[in-house]
Amino acid sequence: MMEEGTQTYSIEELQAELDKLGSQIGIKAGVYRTTLSISALEKNLPATLAIVEDVLFNPAFNPQDFERVKQQMLEGVVYQHQQPSWLASQATRQVLFGDSVFSRSSDGSEASIRELTLEDVKQFYNEHYTPNGAQIVVVGDISKRAVKNELAFIADWQGDASPLLRPQVVPTVSGQKVYIVDKPNSPQSVVRFVRQGLPFDATGEVFLTQLANFNLAGNFNSRINQNLREDKGYTYGASGYFASNREVGAIVFNAQVRADATVASIVEIQKELAEFSANGLTDEELSFMRLAVGQQEALMYETPSQKANLLSSILTYSLDQDYLQQRNRIVETVDKKTLDSLAKKWFEPSEYQVIIVGDYERLKPELEKLNIPVEELEIIR
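Our subject in this report is the structure included herewith. (Residues numbered from 1 in each chain as written. Predicted model: local features only at pLDDT ≥ 70, side-chain atom pairs only at ≥ 80, totals over all residues. Heavy atoms only, no water.)

## Section: the packing of helix H11 (residues 283–296) against helix H13 (residues 323–333)
Using the following cut-off: To get an axis, a line is fitted to the C-alpha atoms, and for a helix only the part in contact is used. The angle between two axes follows their N-to-C directions and goes from 0 to 180 degrees. A helix here means a DSSP run of H or I that spans at least four residues, while a strand means a run of E at least two residues long, and both kinds are numbered starting from the N terminus. When an angle is under 35 degrees it counts as roughly parallel; over 145 it counts as roughly antiparallel; between 65 and 115 it counts as roughly perpendicular; any other value is oblique. By definition, turning the near helix anticlockwise from the far helix through less than a right angle yields a left-handed crossing, and turning it clockwise yields a right-handed one. The criterion used for residue contact is that any of the two residues' heavy atoms lie within 4.5 Å. Any residue outside Ala, Val, Leu, Ile, Met, Phe, Trp, Tyr, Cys, Pro, Asp, Glu, Lys and Arg is labelled polar, Gly included; the first ten of those are nonpolar and the last four are charged.
Interhelical geometry of H11 versus H13 gives an angle of 160 degrees and a closest axis separation of 9 Å. In terms of axis orientation, H11 runs roughly antiparallel to H13. Helix-helix and strand crossings are classified by hand; for H11 and H13 the assignment is left-handed. Contact with H11, carried on its side by Met289, Arg290, Val293 and Gly294, involves Val331, Glu332 and Thr333 of H13 and no other residues of that element. Across the contact of H11 with H13, the residue classes break down as three nonpolar, two polar and two charged.

## Some details on the nonpolar core
The following threshold applies: Residues grouped as a nonpolar core are buried Ala, Val, Leu, Ile, Met, Phe, Trp, Tyr and Cys residues, joined through side-chain atoms within 4.5 Å. For every residue, the accessible area obtained with a 1.4 Å probe (protein chains only) is divided by the maximum for its type, and the residue is called buried under 20%, exposed over 50%, and partly exposed between those limits.
Core analysis: the largest hydrophobic core is formed by 48 residues, its most contacted members being Phe193, Leu211, Phe253, Met289, Phe347 and Leu367. Among the elements that take part in this core, helix H8 (residues 205–217) stands out by supplying eight residues, more than any other. Leave out the neighbours within four places in its chain, and Leu211 touches Met289, Val293, Ile330, Val331, Val334 and Leu339. By size, the runner-up hydrophobic cluster in this structure holds 19 residues, among which are Leu87, Val95, Val252 and Leu377.

## As for helix H14 (residues 336–346)
Counted only if it meets this: The arc under discussion is defined with respect to the helix axis, by the directions toward the C-beta atoms. Counted as a polar contact is a pair of N or O atoms within 3.5 Å, where, for protein atoms, one must be capable of donating a hydrogen and the other of accepting one, and residues adjacent in sequence contribute only when both atoms are in side chains.
For H14, the full list of buried residues reads Leu339, Asp340, Leu342, Ala343 and Trp346. Along the axis of H14, the buried residues cluster in a sector spanning 160 degrees; they form a single face. More than 90 degrees from the buried face of H14, the exposed residues found are Lys337 and Lys344. Where H14 is buried, its residues meet strand S4 (188–196), H8, strand S6 (249–258), helix H10 (262–279) and H11. Between a side-chain oxygen at the N-terminus of H14 and the backbone nitrogen of Lys337 the separation is 3.2 Å; the capping residue is Asp335.

## As for the sheet that holds strand S3 (residues 178–182)
Spelled out, the test is: By definition, two strands form a pair when at least two bridges between them are found by DSSP.
In spatial order, the strands read S5-S6-S4-S7-S3-S8; together these six strands make up an open sheet with mixed pairing. With one partner strand each, in any of the chains shown, strand S5 (235–244) and strand S8 (374–376) form the two edges of the open sheet. Strand after strand, the sheet turns through a mean of 20 degrees between neighbouring axes, direction not considered.

## Here's the deal with the packing of aromatic side chains
Which entries qualify depends on this criterion: Note on aromatic contacts: the rings of Phe and Tyr and the six-membered ring of Trp form a pair at centre separations within 6.5 Å, being stacked when their planes are under 30 degrees apart, edge-to-face when over 60 apart, and tilted otherwise.
Under the counting rule described, the total for this entry stands at eleven aromatic pairs. Taken together, a centroid distance of 6.3 Å and an interplanar angle of 70 degrees make the contact between Phe97 and Phe102 edge-to-face. In this structure, Phe97 and Phe102 share a single accessibility class: buried. Look at Phe253 and Phe347: their rings are 5.8 Å apart centre to centre, the planes differ by 80 degrees, and that puts the pair in the edge-to-face class. One end of the pair, Phe253, is in strand S6; the other, Phe347, is in the loop between H14 and strand S7 (353–358), with 94 residues separating them in the sequence. Exposure class is identical for Phe253 and Phe347. Each is buried. By way of ring pairs, the aromatic residues Phe61, Phe124, Tyr125 and Tyr129 are connected into one cluster.

## What to know about the pairing of S7
Looking along a regular strand, one sees the side chains alternate between the two faces of the sheet. With six of six residues buried, S7 lies mostly within the body of the structure. Along S7, one buried face is formed by Gln353, Ile355 and Val357 and the opposite face, lined by Val354, Ile356 and Gly358, is buried too. Sheet topology places S3 next to S7; five bridges connect them, and they run parallel. Directly across from Val181, in S7, lies its bridge partner Val357. Across five bridges, the pairing between S4 and S7 is antiparallel. Among the inter-strand pairings, Phe193 is bridged to a residue of S7, identified as Val354.

## Concerning the layout of surface pockets
Threshold: Lining residues are those with an atom within 4 Å of a point, where the points come from a 1 Å grid over the protein atoms alone and group into cavities, where a 1.4 Å probe fits but cannot get out, or pockets, open sets with protein on both sides within 12 Å along at least five of seven lines. Grid points are joined across faces, edges and corners, and a volume is the space filled by probe spheres set on the points.
The computed volume of the second largest pocket comes to approximately 560 Å³. Along the walls of the second largest pocket sit 25 residues, with Phe207, Gln210, Glu297, Met300 and Arg327 positioned nearest its centre. Looking at the lining of the second largest pocket, the elements with two or more residues in it are H8, S5, H11, helix H12 (304–316) and H13. Of all the elements, H8 adds the most residues to the lining of the second largest pocket, at five residues. Looking at the lining of the second largest pocket, its residues break down into 14 nonpolar, nine polar and two charged.

## With respect to the side chain of Arg192
The condition is simple: Counting rule for charge: Lys and Arg are taken as positive, Asp and Glu as negative, and neither His nor the chain ends is counted. Any carboxyl oxygen of Asp or Glu within 4 Å of a side-chain nitrogen of Lys or Arg constitutes a salt bridge here.
Of note, Arg192 is situated in strand S4. Despite its burial, Arg192 remains without a salt bridge, the nearest opposite charge being carried by Asp107 at 13 Å. For Arg192, the side chain forms a polar contact with the side chain of Tyr241, separated by 3.2 Å. Those residues in contact with Arg192 that lie beyond four places of it in its chain are Ser85, Ala88, Ser89, Thr92, Tyr241, Val252, Phe253, Asn254, Gln353, Val354 and Ile355.

Below, the structure is given as structure tokens:
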């Protein structure tokens, strides 16, 4: 709604003013913050920031715009929540995080969006858009003094600290199950192995376990992708990744496979996890990981927006300013024994819940042959 015009400019007038300046303003809501991003030529920065001030402090919140945006969101979630990938992600959240806020999709549910009113939006804006905790990142050929002068209007920003989210209780997941999300007549199945992980860290156990995973499922040449894609032809791609924030984390191994290869894919992932957790990585894989990971980040922080995102992450997670250098040193020096130990701790297949999105009636008899309890999972949409 804050991109839908101000009390001074309609959305069309706002965009016309920005186009004349060659500037861009964007607003994006995330897990921990709302980001108002600005891109402007140095000579047009004062005029652009005058518009930013209006956008930040005087949003229009017009009823007709609200109804249109709300309808767009509803249409988007109805479509998105039918996609197998979204169903698998939501199943992962429900299985791992129970009734906590972390089990909810960030795009909301159809019911929650329908219930929203314009007054809800205004109240949220008044409670949460305050100067407390606000941080400003600037990347460009401009001095600190000049920036402070241009942003003088921020000094007049008033408001109390926004309310805190109440502490969440995340249940411990015990006992392995196969959860099926029914997608009738689906020619493919999403297969996922998931388990609770650790909250985000930049240089600690999560990062080290990601390094251990690199050769298991973290790149195209990894063991699981080579097995399921290259050797068996079950899928176009299989991967494993870590999802984490400040409170919780998850480890996910994921593949979208032919429906007739669903159970076979589960068996192969089990084998790969068991082998890797028992014996770790080879010396050749360790050398490849050092070379590949070291090169991956070489081009990730070149543009002004990439630099700004990096600085924002450092602020959000209270990271050391040289944490990238610390990570590079870890990649160069971590020993095989450390990575093997983490593989043994985190990649044991019996510690994972198995999630399938596919044709329930067709798959259930075959899945029961795995000797793992099978349960149909109702997805919260």
